[in-house]
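Residue-level structure breakdown
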Amino acid sequence: MNENNAEKRPSRRPWEDMDSGVIRAPIAACDLGHARIAPTGAFEAGSYASFMLTYTAGTFGIDDSGSLRVCFRFASDQGNPQFDNPSGPNFCTVEASNGAVLQLRWDPKGNVRPWDRTLWIKVVKGYLKEGDRIVIRFGVTDHGGPGMRLQTFCEETFEFRVLVDPIATFNFQTLPEQPMISIVPGRPERYVAVLPTRRRVGETFALKVKGEDKWGNPSDRCEARLKVEAVGPIEGLPEKIELRPGPFAFEFGGLSLARAGEAAVRLRDEAGNVLAETNPLVVEDTSLVHFWGDIHGQSEETIGTGSARAYFSFARERAFVDVCGHQGNDFQISDAFWDELNRITEAFDEPGRYVALPGYEWSGNTALGGDRNVFFPTEDRIIRRSSHALIEDRATAGYDCTTAGELFEAFAEAGEFDVVCFAHCGGRYADIGLAHDGRFEKSVEVHSSWGTFEWLLADALKFGYRVGVVANSDGHKGRPGASYPGAGKFGAIGGLTCYLMEELSRPALLDCLRKRHHYGTTGGPGGRPVIDLAARFSATGTLYHDDPALVAAEGRPAREALMGDLVHLPEGEAELSVSVLASSPIERVDIFNGAELVETIRPFADADLGARIRLLWEGAEYRGRFREVIWDGTATFEGNRILSARPVNFLNRDKTLERQGPDGLFWKALTTGNFGGFDVSLESAEAGVLSLKTPLVSFEVPLAEIGYEDRVFDNSGELPRFVKVFRLPEENPHRRLSFTKKVPLRPEGDNAVYIRLTQEDGTRAWTSPVYIWR
């Protein structure tokens, strides 16, 4: 434990206008009392600890029926205090020094956001006078409990935020100084190595390496000497690297390829074991190269974690992304913070090295259009909020746009056609049937930490919108570009988007976004595949970047189009050309025309299959906040024997896959639109029966009937919810897949042709569609 961390800090900064949602400061701060925490210092993320928080009453004490709140941030996934099981985790006791009777309640929505996770302590018999104390013990271990489980992600200033209602008026005020600790990473459990995915011949690039603890936090406790093995002719690569304690990440620059080709890097320990392997890198003579980004997340000034400056720094220095944007909820962005945020993006934006994109999240209720991301090319723009719900200063309320339709109209009336918007699903979901304007809204976000939302793309295509596909983290844990779910309600790893750009600059990024030249992935260590998609035509069509149905767009003759392009093809055929290069074996590539699955391409044949069975569950309950589907269950391979079992997308370390006898498995799992499951290798390829039991889907199927094609067991509701099972080769060596396919074109309406990649490691990716119409 490090004792050099400050115990407390001032409770608010200039842009923090609201805390309890009530009248401001009717009692002087010095009369409210004070709180202290012990011990203080630094504690490992996800570890168990015990704390004693002591509140000492001020001048007014606390009257009979007055209350104290100890609040934690919405994003925190720490263990919830409980009062009933002394030997269990997170046991909490609360006592008044004068014997007053206290009533305790834990309420995850007991205070104004972002401090909504609340321990509520009410004086129900007696009162406190000045100097009396309320002593709260978090994580009591007296009866054998492990302590309080801390949140799984790092935070330099983790607060136990204390509010008091001393006169029993239900007017809670924040103490002027707050007790706090520091949450720091653990030792590295795995290593991550990253290269760019596409560069030009002779261009220099860097190998970036970090160690991550078991919760995905970059660790400053690395201590390793690693052998560097080049896969391909990389010039300037050292033979060995040393990772030493202190830094959170390491960069080895000045690398290049003198000729076109492919490359990757493996890192081995001194015994020769592979500890990390980079994504593939393609080097060729090309106009467009790849830059990766996460442009959707929040910091502590709204509902996230850590400062906005730390947010942008993490994305660049520890997540190894090239592009980042901040998307705070508009109803929490005061004018002061909007000015500060624009100063931050201006300071971080460095063409050729890093793009910091200005913007915000328009956070209207779903009935008014739902969440939209708004991005600007410059820092001098007006923020048009959905409301001032958590902002007391209403000086700029005249610019508010209550509905998404009003927002788009306001941009048009102001001539701000350089604005780029996305529709997304976080807590609120975007209803793009209610509001959409293709002049501004260029893409939909199909994946984030909140889950996978293919239905949002399906909605857009159903309505005839011509949108691209992006994926971001929408992260609240201060880890843009590397946002792991931890132990809380976020059910997925945050996504990444690969941008096809001529150079790394804001103008190039916005040009890419307007042309929809990008693809999105589910992120994580395997989340940077190289994907090429092109449509080639037997006759000449007219290619557009702007939608000619919406604006007077200029087209050009073309026989080929990239992902995101719009093509009028009065006659002739279309052939899809796809190339995928991944860091994990490829399970399949699905070809779609709109909502229709045209064909599934696998890199292996029926004759390659063995005794390896993959079972996957997938889906969401509905579109809103409480979309989790619980898949806790069991599987028995009766009449067979399990040789090995491997989880797929078990992203929460508290939810595990366990063996049960020689032929059984049991697990705890959930999905939020994404998928999870497991592989099993069996003693016999076809003997016996698979019996599955989950709360939503149960079945029995002879193993001999499981083959190349999916067996799907469906229990869909408002959204898809299903289990599928199929067979794989014993070893799948295919990390590359290239093919061409003729795509039948419908004579009426758009043909929105795109692919979805699924890798064996659980990563998915979606390209922006090529839109072709007759």
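Small disclaimer: the values here were computed from a predicted structure and weren't measured.

Some remarks on the sheet that holds strand 50 (residues 689-693)
Think of a sheet as strands paired side by side through backbone hydrogen bonds, with each pair either parallel or antiparallel. Strands sit in the order 46-47-44-50-51 across an open sheet of five strands; the sheet is antiparallel. The sheet is open, and its two edges are formed by strand 46 (657-660) and strand 51 (698-702), each paired on a single side. Averaged over all pairs of adjacent strands, the angle between strand axes in this sheet comes to 15 degrees, irrespective of strand direction. Pairing between strand 50 and strand 51: five bridges, direction antiparallel. By the bridge assignment, L692 is partnered in strand 51 with F699.

Focus on the environment of F722
Take F722: it is sitting in strand 53 (residues 721-729). The buried category is assigned to F722, whose relative accessible area is 16%. Residues F722 and L616, spaced 106 residues apart in sequence, show a C-alpha to C-alpha distance of 8.4 Å. Once residues within four sequence positions are removed from consideration, F722 is found in contact with L616, W617, E618, W631, V712, F713, D714 and N715.

Remarks on the nonpolar core
Among the nonpolar cores identified, the biggest contains 64 residues, and F312, Y360, V374 and F411 are the most heavily contacted of them. Not counting chain neighbours up to four residues away, the residues in contact with F411 comprise Y360, V374, F376, R384, E416, V419, C421 and F440. Formed by 37 residues, the second largest nonpolar core is a distinct cluster that contains L32, V94, A96 and V162.

A few points about the packing of helix 1 (residues 308-317) against helix 2 (residues 335-348)
Viewed as axis vectors pointing N to C, helix 1 and helix 2 meet at an angle of 25 degrees, and their least axial separation amounts to 10 Å. In terms of axis orientation, helix 1 runs roughly parallel to helix 2. Relative to helix 2, the crossing made by helix 1 is right-handed. On helix 2, the residues that touch A308, R309, F312, S313 and R316 of helix 1 are F337, E340, L341, I344, T345 and F348.

What counts and what doesn't
- Residues numbered from 1 in each chain as written.
- Predicted model: local features only at pLDDT ≥ 70, side-chain atom pairs only at ≥ 80, totals over all residues.
- Heavy atoms only, no water.
- Pairing = 2+ DSSP bridges.
- Helix = DSSP H or I, 4+ residues; strand = E, 2+ residues; numbered from the N terminus.
- Axes fitted to C-alpha atoms, helices over the stretch in contact; angles between N-to-C directions.
- Buried < 20%, exposed > 50% of the residue type's maximum accessible area, 1.4 Å probe, protein only.
- Contact = heavy atoms within 4.5 Å.
- Core = buried A, V, L, I, M, F, W, Y, C linked by side-chain atoms within 4.5 Å.
- Parallel < 35°, antiparallel > 145°, perpendicular 65-115°, else oblique.
- Left-handed = near helix turned anticlockwise from the far one by under 90°.

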